[in-house]
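# Descriptive analysis of the structure
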Amino acid sequence: MKNAQDSTTSSFPPPNSISSAESGSRQSTPDKDEDEPFAAFVWNQKSVKTKNNPFPIINVGLPKSGEDTIWNFFHNLGYVAQYGCGDLRRPRPKCLSLGSCIHTNAMNKMPAFSNCSTQLAAVDPSEPEFQVYTRLDEERYLSHLKPVKRGQYLPQIMYLEEIYRYAPNATWLLPLHLPDHWAYTFSRQNMLRKRLWNEVLVTKYNSSVPVRNRKIFEPEPLEMEAVDHWTLYYNQHTKRIQDFVRAHPTIRLIELQYRLKRAPIDLVDSLGLPVPSQERPNARIEDLWKCMSDECDLWTENLERLEHHKVTPRPQLKLPKPIFVVGLPKSGTTSVSNFFSCGGALSQHYCCCGDVADHRPCYSKIMADCILENKKNGRPMLENCGEYDLYAQLDGEQIYITNSSKGKHGKQPGHFLPQVFELDWIHREYPNATFILPLRDSYAWSASVSRWFNMRHRIRSEFIHMNRSSDIEGVRDPLVAIYNKHTERIVRFVERHPSHKLVMFHISDQDAGRVLARESGLPESCWGHHNINKERKY
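Residues numbered from 1 in each chain as written. Predicted model: local features only at pLDDT ≥ 70, side-chain atom pairs only at ≥ 80, totals over all residues. Heavy atoms only, no water.

### Some thoughts on the state of the cysteines
- Counted according to the given criterion, the structure contains three disulfides.
- Disulfide pairing places cysteine 352 opposite cysteine 353 at an S-S distance of 2.5 Å. One disulfide, between cysteine 352 and cysteine 353, carries an S-S torsion of -50 degrees and so falls in the left-handed class.
- Residue cysteine 352 is classed as buried on the basis of its relative accessible area, which comes to 0%. (Disulfide = S-S within 2.5 Å. Buried < 20%, exposed > 50% of the residue type's maximum accessible area, 1.4 Å probe, protein only.)

### A short note on the pattern of salt bridges
- Taken as a whole and judged by the stated rule, the model has 14 salt bridges.
- The partner of arginine 458 in a salt bridge is glutamate 397, and the shortest N-O contact between them spans 3.9 Å. Taken together, the residues span a long stretch of sequence, with arginine 458 in helix α17 (residues 455-465) and glutamate 397 in strand β12 (residues 396-403) at a distance of 61 residues.
- For arginine 458, a relative accessible area of 9% corresponds to the buried category.
- Among the salt bridges present, the one from arginine 456 reaches aspartate 477, with a minimum N-O distance of 3.2 Å. In this pair, arginine 456 is assigned in helix α17 and aspartate 477 in the loop between α17 and α18 (478-496), connecting sequence segments 21 residues apart.
- In this structure arginine 456 comes out as partly exposed when scored by relative accessible area, which is 25%.
- The structure contains a network of salt bridges with shared partners spanning Arg135, Asp137 and Glu138. (Salt bridge = Lys/Arg side-chain N within 4 Å of Asp/Glu carboxyl O. Helix = DSSP H or I, 4+ residues; strand = E, 2+ residues; numbered from the N terminus.)

### Observations concerning the confidence of the model for the protein chain
- In this model, the protein chain carries a mean pLDDT of 74, and residues with pLDDT of at least 70 account for 67%.
- Summarising per-element confidence for the protein chain, the mean pLDDT is lowest in helix α1 (residues 20-25) (32) and highest in strand β9 (residues 323-325) (97).
- Confidence drops under pLDDT 50 across residues 291-311; counting only partners more than four residues distant or on other chains, this segment forms 37 contacts. (pLDDT = per-residue confidence, 0-100. Contact = heavy atoms within 4.5 Å.)

Here it is as structure tokens:
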């Protein structure tokens, strides 16, 4: 975890080094502006009893950045934490939306959080303020769009100046993720993604939005469906917060590596917080940090797999290394990868660069992107892509930039297939590599690909882009033709280059595990079917 203050000119000390007298000196306010009367309002810290007084703590991260976990953590510690509402209720049936309140106050030149916690004050007059604000944003209706659509109040983007004026000495918390991981997680939240996209449109075109907020979504346009653009959106927000804090050094920014196991300990140490919880006086800090999102199980699973690789002796494989699975995607690549991983071999699938994830979200990047970067820069095929015994999936999504007849640029989705179009490159660099070709019924494969997101379209586009449209013309099912021709291509390639060992088997055969075990020297019990998508409808 990194404190942004380290890179600024501020000499603001860490909380553990602040004395009571120094803590009081932090009450200074920014210079008042006579034209803006709300500049004189600051956060009321009288009710806070902690020694170092880091309050209020304001989470300025984007949605899907761990706000549930952060709220749960501070709530378990016994602090008065806010989540979405301006009252104590969470989850909310009907509540006073804090995002709406901040927006209204900003439009009316009122203090940012003025009258936003009145219901809380009615419950407990001694605590009229929240100590921790974990979620400022909230959905809203956009009356300026026709038909009316839903958007998202985003005070952590649009009203940073107003928040600063209200609490100039606040602690800002910025949970950090791998940007592409956040973008992938966020892009699967269809309603939230659409609300933020609508908000982008309003910010760009709506005259009622302050002029100073119109250019925060560069570069334009921001495509709603593109993960790479949401990655850019995330990076821009992170930079926006860091730049703002550098310009306002009375703010203390804590950048929290949210996914690390030490995150809760780092957070408590950085804030200098006491633990006022009386219900669980002996609980470890780590036990109070409970991840509330669906991705946490995947994260835990990946860490367990990494530990497995570290403590399990790598087996002596019978097959020459490296070993490449040269079958097409959705041909049993996950099952082969898990077979080798179960036997203790270091196995890659989809992700790369030491990443132990085998599907999205990757915590580094996908293997296809790494290979494409090396190809573009004239480097060896697998340089800086991680060292594995088995490379189970080299292929992956890619985007082609296209030009129309009118001179406009567009984007065409494709699917990079090195096992189809880069076999000669593989042979030049790894002339003694082992090829594994798992087979399945070509019609079943076509049906599986058609159900797997947009893969059918991506593969067809790739063949057209690579000037191989003859492989898919004049046939009833182009994917069936692609699959059958690819099987023949691999067999002929190995016949021309006998230095490669080819292992072929049908994944639905009962002796599939026996074949792999005999050839590799790994236990047959590791074989099983994985990543079956019969229930998927899209």
